[in-house]
Amino acid sequence: MSGSTTAGARLRAAGARGGANRWVVLVVLCVSLLLVALDATVLHVAVPAVTADLRPSGVELLWIVDAYPLVCAALLILFGTLGDRVGRRRVLLIGYALFGVASAVAALADTPLVLIGARALLGVGGAMIMPATLSILRDVFPDRRERAMAIGVWTAVAAVGAALGPVLGGFLVEHFWWGSVFLINIPLLALLLPLGRLVLPESKGPGDGPWDVLGALMAAAGVLGVVFGVKRLGAGEGPLGPETLGPLCVGAALLILFVRRQRRRTHPLIDMRMFARPTFSTSVGCIVLAMLALVGLELIAVQYLQLVLGLSPLETGLRLLPLTFAAMAAGVTGSATLRRVGPRRMVAWGFVLTAGAVLLLVLMGQHDRPGLLTAAFVLLGFGLQTTLFGAYESMLSEAPADQAGGAAAIGETSYQLGAGMGIALLGSVMNAVYAPALSSVKGVPAAAGSAASDSLGEAYQVAARIGGPAGETLRTAARHSFVHGLHVTLLVSAGLLLLGALAALRLPKVMECPPCADEEPGVAKAPPVEAREAREETPGTPESEAPESGEARPSRPQERRPPRPRRAPTAPRESPEAAVPAGRLSR
């Protein structure tokens, strides 16, 4: 037993020093991320089976779907900053255990309330896992070049998990039962728990001062309120309704109080001065804009493939595979691209490429055009992943190492907020264009037209109930109106992406790497600048006006007293210019 513990300590120490074992650590972190990304989307295709089996109400079904992302988004800052205090590896391993227990409970749930509770517990586990993986990655890869490569692999795995979820879920529901979409987590977690305990290094921040429990709870409640209000907007609720406006106002007020509290505290959870750094704040904004423009669009595109083109869920998943493969390619090659073109060009051109892909999709109409769709999805996946890679890498490299957990939590929270706002914004644009055209379809009763305006799927059901020429007319009108709404939504999304390209111009032009892998990216470049300024200023400074020179010369005999007899012949006193930089560097 002691032998295995010693071996595990040696492996963790090697990973903490950035040795060869760091790539094993990266594999463990990527599998962790794969689990969380899969659970975010795997349930979508299982919703009909869950509805048929558990018979949830409309509100219960909404919470079954939303409990996981809501709880996860709300607790990211709490657990990200807690990992900085008590240890990121410790938080990650506890997250593994919670995720496994919640998966088993969800798979065996026999009532809607049990499934909602299990999904909420999955959200707690996900909030512990997500920031911990990114902050451990930040610690294990101190060299920015290698860290960029690791982040590229990390983001590629996230893209694979999000795209693989619906395909894998559809396969499992078709061949087994809906609970099997949760059971797939348990074998992986049974492997991850002992492997993570063996190879993952422990890391934490300085831990100065007490952990701000009240501030952490304020941040969690504030994010929960904002995300919940945004999701209600995306579900079609009015912006002034109590279920939307109330959570939004309460959440925003709590977040404002949280920021003010952190600014006053000597040992804050999150150092708000990070947002004063243009690179950090711009990177966070680019993540929000990228998700704002594309997540709502993704949901609408899935409806287009299934309801307009008539593809099955499995065929829809296969059509999205080119997007996934392109995202993987962008992640794997992201490190080389970042070194070659720099963060500014990488993120800006990623936005432009994604906007071009979105505009290309405007050419899609009532009929299937596989070649055009594939080309657009390839450009979309490559451009989006390029943007997210450059933004995440710049954000993480700009943050201090001792606040890596908080920085990772901020990045993941901005991702979730952008996704929620994207669904709300683009869904509202889609409904604003789609619904009015169905209010007065010739030959269709007004009540039927009003019901059909809720969604394209509802319109098809109403048309089937009406039947005859009127039903076919309603079906055709709904399909045309949906495609028109899709085109308008695509144009709005392209505008948001171009706005992101303009915002990316605040990022650094080149990827600044420290000369030593052990130094921080934001700090290592300062000493060479000071030394260079000293060399430039000293030769032109008279002896009488150079107090540092006067201080450097008397101190040298004391500092170098033992070797003085050997150096006396080669150290003429007529060279004060050479003595000053040497004296500064020695101090």
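One can find the structure itself at the top, above this paragraph.
Residues numbered from 1 in each chain as written. Predicted model: local features only at pLDDT ≥ 70, side-chain atom pairs only at ≥ 80, totals over all residues. Heavy atoms only, no water.

Student: Is there a simple way to explain unusual backbone geometry in this structure?
Tutor: Trans peptide bonds make up the majority, and among non-glycine residues the majority have a negative phi. Although it is not a glycine, R55 adopts a positive phi angle of roughly 55°. Overall, R55 belongs to the exposed group, its relative accessible area being 66%. (Buried < 20%, exposed > 50% of the residue type's maximum accessible area, 1.4 Å probe, protein only.)

Student: In this structure, what is going on with a nonpolar patch on the surface? I would like to understand it.
Tutor: A cluster of nonpolar side chains, contributed by L108, F171, F176, W177, L183 and I186, occupies part of the molecular surface with about 610 Å² of accessible area. Positionally, I186 belongs in helix α9 (residues 185-199). (Patch = residues over 30% accessible without salt bridge, like charges linked within 9 Å, V, L, I, M, F, W, Y side chains within 5 Å. Areas by Shrake-Rupley, 256 points an atom, 1.4 Å probe, with all protein chains shown as cover. Salt bridge = Lys/Arg side-chain N within 4 Å of Asp/Glu carboxyl O. Helix = DSSP H or I, 4+ residues; strand = E, 2+ residues; numbered from the N terminus.)

Student: Mind showing me how you'd approach the environment of L491 here?
Tutor: Relative to the helices and strands, L491 resides in helix α19 (residues 468-503). Between the C-alpha atom of L491 and that of L359, which follows or precedes it by 132 residues, the distance is 6.8 Å. Here L491 is in contact with L359 and V362, once residues within four sequence places are set aside. (Contact = heavy atoms within 4.5 Å.)

Student: What exactly am I supposed to notice about the packing of aromatic side chains here?
Tutor: Any pair of aromatic rings gets described here by the distance separating the centres and the angle formed by the planes. As enumerated under the stated definition, the model contains three aromatic pairs in all. Geometrically, the ring pair formed by Y434 and F482 is edge-to-face, given 6.4 Å between the ring centres and 80° between the ring planes. With Y434 in helix α16 (residues 404-434) and F482 in helix α19, this residue pair connects regions lying 48 residues apart in the sequence. Each member of the pair, Y434 together with F482, is buried. When the ring centre of Y460 is taken as reference, the NZ or CZ atom of R475 above it lies at 3.9 Å. (Phe/Tyr/Trp six-rings, centres within 6.5 Å; stacked < 30°, edge-to-face > 60°. Lys NZ or Arg CZ within 6 Å of the ring centre and 35° of its normal.)

Student: Help me understand the side chain of T386, please; the structure alone is not making it clear to me.
Tutor: Along the chain, the position of T386 falls in helix α15 (residues 370-398). Exposure remark for T386: the relative accessible area of 9% places this residue in the buried category. Within the structure, T386 has its side chain in polar contact with the backbone oxygen of F382 (distance 2.7 Å). Look past the residues within four positions of T386 in its chain and what remains in contact with it is A330, M346 and G350. (Polar contact = N/O pair within 3.5 Å; in protein donor to acceptor, adjacent residues only side chain to side chain.)

Student: Sorry if this is basic, but what is going on with the packing of helix α14 (residues 321-361) against α15 here?
Tutor: The N-to-C vectors of α14 and α15 enclose an angle of 140°; their axes lie 4 Å apart at closest approach. Judged by the inter-axis angle, α14 sits oblique to α15. In this structure, the crossing between α14 and α15 has a hand that is left-handed. Its residues assigned to classes, the contact of α14 with α15 shows 28 nonpolar, 14 polar and one charged. (Axes fitted to C-alpha atoms, helices over the stretch in contact; angles between N-to-C directions. Parallel < 35°, antiparallel > 145°, perpendicular 65-115°, else oblique. Left-handed = near helix turned anticlockwise from the far one by under 90°. Nonpolar A, V, L, I, M, F, W, Y, C, P; charged D, E, K, R; others polar.)

Student: For this particular structure, what's the right way to read α14?
Tutor: Owing to its 3.6 residues per turn, the α-helix aligns residues three or four sequence positions apart on the same side. Between the first and last C-alpha of α14 there are merely 16 Å, a value that for 41 residues lags more than 12% behind the 60 Å anticipated at 1.5 Å per step. Maximal helix bending in α14 amounts to about 110°, located at G342; proline P343 follows within four positions. (Expected span 1.5 Å × (residues − 1). Bend = angle between axes of the 7 residues up to and from the residue.)

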